[in-house]
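Results of the structural survey
Residue-level listing of the chains:
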Amino acid sequence: IEGLGTTVIRNATGNLKFPRVSVKAAGTGEGEVDANAASGMEMDELTLSPQRVSANTTYSKQLVLQGGAEVDSLIAGELAAAMNAYVDDACFDTILASSAINVSTSGDTALNAALAFKMEAEVLADGGNLAGGVYVMSPLAYQLSKAEAAVASVSPLWDNGQFNGFRAVATPYLVDGLLADASTPAGQMLFGNFAQGGILAYFGGIDLLVDPYSAAGTAQIKLHVNRFFDFDVRQPGALAKATQLT
């Protein structure tokens, strides 16, 4: 989620509140001395509060003796990767659950060039900056996208690592969905400017504790990792989602 350009606040120390434009302002043409009209702009706020993600593992002291100090780093890295995966999954779930972002599909929908054009147009119409646009695909959506062409049987939508001219990534943390029958897998895809659309906060750094004592009776070491974070949609119009893709 960070690699998409999402706005990140690090080392936050308390609950954070941010203004959010829920209905953008609109200007009107007036005569030279006529009264001006209300812009129609509406604002609310989003609040980021610490949520804890944690993991632990136990390994033998013999493993450390055989593998050296790098074993601790290796295991800590694996736990950190597990926490990052949890954060990514939680962020994408928040985006998909948001009723405020653009919904580009309805029911069973083919992933094709027309859908990509629609998603881009919706983001542009709501004030999203396409210069920072990124596609994010679930595994099935990525599979479906590889077979699509911008012009039938002529030019592929994927070209030089870009999808329809924009940077694109596939991730298992944007999980596949289901069709209305609740049993048939369906792809899911997001598009937009994530720097505008989302905000991620980390409350402090990664908390890593190596515990050589509590399992000492079995010659084992425990490693605990904790992190506090939160994510929310900041500018819904900068994002679009397509679900139930086939």
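The rules we used
- Residues numbered from 1 in each chain as written.
- Predicted model: local features only at pLDDT ≥ 70, side-chain atom pairs only at ≥ 80, totals over all residues.
- Heavy atoms only, no water.
- Helix = DSSP H or I, 4+ residues; strand = E, 2+ residues; numbered from the N terminus.
- Rg over C-alpha atoms; globule rule 2.2 N^0.38 Å.
- Buried < 20%, exposed > 50% of the residue type's maximum accessible area, 1.4 Å probe, protein only.
- Areas by Shrake-Rupley, 256 points an atom, 1.4 Å probe, with all protein chains shown as cover.
- Phe/Tyr/Trp six-rings, centres within 6.5 Å; stacked < 30°, edge-to-face > 60°.
- Pairing = 2+ DSSP bridges.
- Core = buried A, V, L, I, M, F, W, Y, C linked by side-chain atoms within 4.5 Å.
- Contact = heavy atoms within 4.5 Å.
- Polar contact = N/O pair within 3.5 Å; in protein donor to acceptor, adjacent residues only side chain to side chain.
- Expected span 1.5 Å × (residues − 1).
- Salt bridge = Lys/Arg side-chain N within 4 Å of Asp/Glu carboxyl O.
- Patch = residues over 30% accessible without salt bridge, like charges linked within 9 Å, V, L, I, M, F, W, Y side chains within 5 Å.
- pLDDT = per-residue confidence, 0-100.

Digging into the overall build of the protein
When helices and strands are counted, the protein shows five helices and 17 strands. Relative to the 2.2 N^0.38 estimate, which gives 18 Å for 246 residues, the radius of gyration of the protein is 23 Å and therefore markedly larger than a compact globule would have. Across its three principal directions, the C-alpha atoms of the protein cover 85 × 55 × 35 Å. Sorting the 246 residues of the protein into buried and exposed places 38% on the buried side. Counting only carbon and sulfur atoms, one obtains 53% of the accessible surface of the protein, whose full area is about 12,700 Å².

With respect to the packing of aromatic side chains
All chains considered together, the criterion is met by seven aromatic pairs. Measuring from centroid to centroid gives 4.5 Å for Tyr-135 and Phe-191, while their planes differ by 40°, and the two rings are tilted. One end of the pair, Tyr-135, is in strand E6 (residues 134-137); the other, Phe-191, is in strand E13 (residues 185-192), with 56 residues separating them in the sequence. Of the two residues examined, Tyr-135 and Phe-191, each falls in the buried class.

Brief notes about the pairing of E6
Taking every second residue as pointing to the same face, both faces of E6 are buried, with Val-134 and Val-136 on one and Tyr-135 and Met-137 on the other. In this structure, E6 lies alongside strand E11 (residues 166-170), joined through four bridges in parallel fashion. Across the sheet, residue Met-137 finds its bridge partner in E11, namely Ala-170. The sheet contact formed by E6 and E13 spans four bridges and is antiparallel. In the strand pairing of E13, Val-136 is matched with Leu-190.

Some remarks on the nonpolar core
For soluble globular proteins, the rule of thumb is that nonpolar side chains tend to be buried together. Membership of the largest hydrophobic core comes to 30 residues, with the highest contact counts inside it found for Ile-1, Phe-92, Ile-95, Leu-190, Phe-194 and Leu-200. Mapped onto this core, the elements with two or more residues apiece are strand E4 (51-60), helix H2 (70-97), E6, strand E14 (198-202) and strand E16 (220-233). Beyond its immediate stretch of four places on either side in the chain, Phe-194 contacts Leu-4, Gly-5, Thr-6, Thr-7, Ile-95, Val-134, Val-136 and Leu-239. Within the second largest apolar cluster, 19 residues are counted, among which are Met-119, Met-137, Ala-168 and Ala-242.

Regarding the side chain of Thr-171
Mapped onto the fold, Thr-171 is located in the loop between E11 and strand E12 (177-178). Within the local environment of Thr-171, its side chain forms a polar contact with the backbone nitrogen of Tyr-173, the two atoms lying 3.0 Å apart. Those residues in contact with Thr-171, other than ones at most four positions away along the chain, are Phe-92, Val-136, Met-137, Ser-138 and Pro-139.

Here we look at unusual backbone geometry
Even without being a glycine, Ala-182 presents a positive backbone phi close to 65°. Position of Ala-182 relative to the elements: it lies in the loop between E12 and E13. Positive phi, close to 55°, is recorded for Ala-219, a residue that is not glycine. Mapped onto the elements, Ala-219 comes out in the loop between strand E15 (207-211) and E16. On the accessibility criterion, Ala-219 (40% relative accessible area) is partly exposed.

Observations concerning helix H3 (residues 113-125)
With 13 residues, H3 ought to run about 18 Å at 1.5 Å a step, and its terminal C-alpha atoms sit 18 Å apart, in line with that. Buried within H3 we find Ala-113, Leu-115, Ala-116, Met-119, Glu-120, Glu-122 and Val-123. Between a side-chain oxygen at the N-terminus of H3 and the backbone nitrogen of Ala-114 the separation is 3.3 Å; the capping residue is Asn-112. Looking at the residues trailing H3, positive phi occurs at Gly-127, about 95°.

Focus on the pattern of salt bridges
The tally for this structure, following the rule as stated, stands at two salt bridges. Across the pair Glu-45 and Lys-17 runs a salt bridge, and its minimum N-O distance is 3.6 Å. With Glu-45 in strand E3 (residues 42-48) and Lys-17 in strand E2 (residues 16-23), this residue pair connects regions lying 28 residues apart in the sequence.

Here we look at a nonpolar patch on the surface
There is a patch of nonpolar side chains on the surface, built from Val-21, Met-41 and Met-43 and spanning about 270 Å² of accessible area. Of note, Val-21 is situated in strand E2.

Observations concerning the confidence of the model for the protein
Put simply, the protein has an average pLDDT of 90, and 97% of its residues get 70 or more. Element-level pLDDT for the protein is lowest in strand E7 (residues 149-151), with a mean of 69, against a maximum mean of 98 in E6.

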